[in-house]
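# Survey of secondary and tertiary structure
Given next are the chains, with one letter for each unit.
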Amino acid sequence: MSLSIKTNTNDTLLILGEGGLNPINFDDLSPGDLLNLQDQPFISIGWQDVRLMGSCNGLVCLSNDDGDVVILNQSTREHKGILYSLVRHRFELSVSSAPDEHWVWGSGYGFGYDAVSNDYKVVSIAKFLGIGFTSFKESEMTIYSAKKDLCWVIKIPYAMLFTNDKMGVYVHGSLHWIAKWFGSWRDRIVGFDLGLDEFREVPQPDYGGNIVIDIDLGVLGSFFCVFAKFRDWSADVWIMKEYGVKESWSKVFSISRNVLSYDSVRPLGYSRRGREVLLELDEKRLVWYGMETRRVVDVVIQGRKKERLEAILCLNSLVPPDGNDRVVNSQQPTKEQKKNEEEEVLLDLVFLGVLGLMIELLNVCIFQLNFSI
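To keep things clear, this report deals only with the structure shown in the data block. Every value quoted in this text rests on a predicted model; they were computed, and no experiment measured them.

Here the distance between the centres and the angle between the planes together describe a pair of aromatic rings. On inspection of all chains with the given rule, the structure shows 10 aromatic pairs. Within the aromatic cluster, the residues linked to one another by ring pairs are F111, Y113 and Y120. For the cation-ring pair, K229 lies above Y262, with the distance from its terminal atom to the ring centre recorded as 4.4 Å.

This next bit is on the pattern of salt bridges. Following the criterion strictly, the structure yields 15 salt bridges and no others. Note that D216 and K166 form a salt bridge whose closest N and O atoms lie 2.8 Å from each other. A residue pair is termed long-range when its members are at least 10 positions apart, and D216 in strand 17 (residues 212-220) and K166 in the loop between strand 12 (160-162) and strand 13 (169-171) qualify at 50 residues. The class for D216 is buried, based on a relative accessible area of 4%.

Let us now look at unusual backbone geometry. The backbone of R77 shows a phi angle near 70°, a positive value even though the residue is not glycine. Notably, E283 is not glycine yet its phi reads approximately 55°, a positive angle. Examined against the element boundaries, E283 turns out to sit in the loop between strand 22 (276-281) and strand 23 (285-290).

Further remarks concern the sheet that holds strand 22. Here 4 strands make up an open sheet; going across it, the order is 21-22-23-24 and the pairing antiparallel. The open sheet has two edge strands with one neighbour each: strand 21 (265-270) and strand 24 (296-298). Adjacent strand axes in the sheet meet at a mean angle of 30°, parallel and antiparallel pairs treated alike. Sheet topology places strand 23 next to strand 24; 3 bridges connect them, and they run antiparallel. Its bridge partner lying in strand 24, V287 is registered against D298.

Here we come to the sheet that holds strand 2 (residues 20-25). An order of 2-1-26 is seen for the 3 strands of this open sheet, with the pairing classed as antiparallel. Two strands bound the open sheet, and with one partner strand each, they are strand 2 and strand 26 (310-315). If you compare each strand with its neighbour and ignore which way they point, the axes differ by 25° on average. The pairing of strand 1 (residues 11-17) with strand 2 spans 6 bridges and is classified as antiparallel. Opposite L16, over in strand 2, you have L21 as the bridge partner.

A few words now on the nonpolar core. Ranked by internal contacts, the top residues of the largest apolar core, which has 27 residues, are L52, I71, F111, Y120 and V122. Of all the secondary structure elements, the ones that give two or more residues to this core are strand 1, strand 4 (50-56), strand 5 (59-64), strand 6 (69-73), strand 8 (102-114), strand 9 (119-130) and strand 26. Sequence-distant contacts of I71, that is, excluding residues within four places in its chain, are made with L59, V60, C61, E78, H79, K80, I82, F111, V122, A146 and P321. By size, the runner-up hydrophobic cluster in this structure holds 17 residues, among which are L220, A235, I255 and V277.

Looking at where I255 falls in the secondary structure, it is placed in strand 20 (residues 249-255). Residue I255 is classed as buried on the basis of its relative accessible area, which comes to 3%. Sequence separation between I255 and A228 is 27 residues; the distance between their C-alpha atoms is 9.9 Å.

By relative accessible area, which is 28% here, K166 ends up partly exposed. Sequence-wise, K166 and H176 are 10 residues apart; in three dimensions their C-alpha atoms are separated by 9.9 Å. With residues up to four places along the chain from it excluded, the contact list for K166 reads G108, Y109, W177, D216 and S264. Of note is the side chain of K166, whose polar atom sits 2.8 Å from the side chain of D216.

Cut-off values and rules
Residues numbered from 1 in each chain as written. Predicted model: local features only at pLDDT ≥ 70, side-chain atom pairs only at ≥ 80, totals over all residues. Heavy atoms only, no water. Phe/Tyr/Trp six-rings, centres within 6.5 Å; stacked < 30°, edge-to-face > 60°. Lys NZ or Arg CZ within 6 Å of the ring centre and 35° of its normal. Salt bridge = Lys/Arg side-chain N within 4 Å of Asp/Glu carboxyl O. Helix = DSSP H or I, 4+ residues; strand = E, 2+ residues; numbered from the N terminus. Buried < 20%, exposed > 50% of the residue type's maximum accessible area, 1.4 Å probe, protein only. Pairing = 2+ DSSP bridges. Axes fitted to C-alpha atoms, helices over the stretch in contact; angles between N-to-C directions. Core = buried A, V, L, I, M, F, W, Y, C linked by side-chain atoms within 4.5 Å. Contact = heavy atoms within 4.5 Å. Polar contact = N/O pair within 3.5 Å; in protein donor to acceptor, adjacent residues only side chain to side chain.

Okay, structure coming up:
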């Protein structure tokens, strides 16, 4: 794993789309290649109800509409299920004894590695607004530890108002989102250190006086990167060569508004030649962008019927999904074993969803009983 990270090789492109979760050998992928996801089934799930939470060290994290989570090693097919809807109840109850006084909105999520305790963590952010969205109350984060199998809630300082419900970008032991200080219009990059449970603001590049209207975050190679969109809808792309150091920001390429337009972008990785970068646009489209030629080549996916897709780069490794060190059998599974493992992942998601629904019904009954008393 460490060698693969250092050499930036041994990656799989995971695409959540037709038929479920589909693996593509990213090291062999080139612009112009035709993809047929249905010919490469991996895990068959009701993908419309599932989204990617993040990827780290060979583990990928998936969540369903109820907020329940599966951490999966796509190489060994080991997985760990989490009843995350339990966390959401604790979330809402921790804010106010009068829930009808607040609107609760999801505002970001993420998955990453805590090197301090050798643990993998899933996080979810909620912001609390007054009725009619007239006032900002506070934000909180719930943190789940895969190793300890427990969760806790922390208050988010500085009246941070996370602006959209997006996957946190994991780099340098921290998850990153875009946020504003309440009452301020300026977008800020906020990092959460998974080892220290601390927030910090990450300095942005010097945009040369251009007015930035939108920012997207990502990772290119091993570097933290920023896509800064300007008023004319063109964009500059920067990488941070030394994490946390403002002076280390370096502009690597620009995107003309006449060549490529998007609302949101997620950079996935460089091509084998290093001249193109693979981008996911608006959870609908994969494209190769030539950094020198400024040409766009769409990734054609055969047999595609649905519009939405998500993609993420995942390292091939033997890391167990519960964060505990142990030897893992690296032999390729048989077809029967693979089928059984796919069914186990699906059953985990179904079971967690049903259990979450039962808890919801129990809470409603308790609320009605308390109200009648």
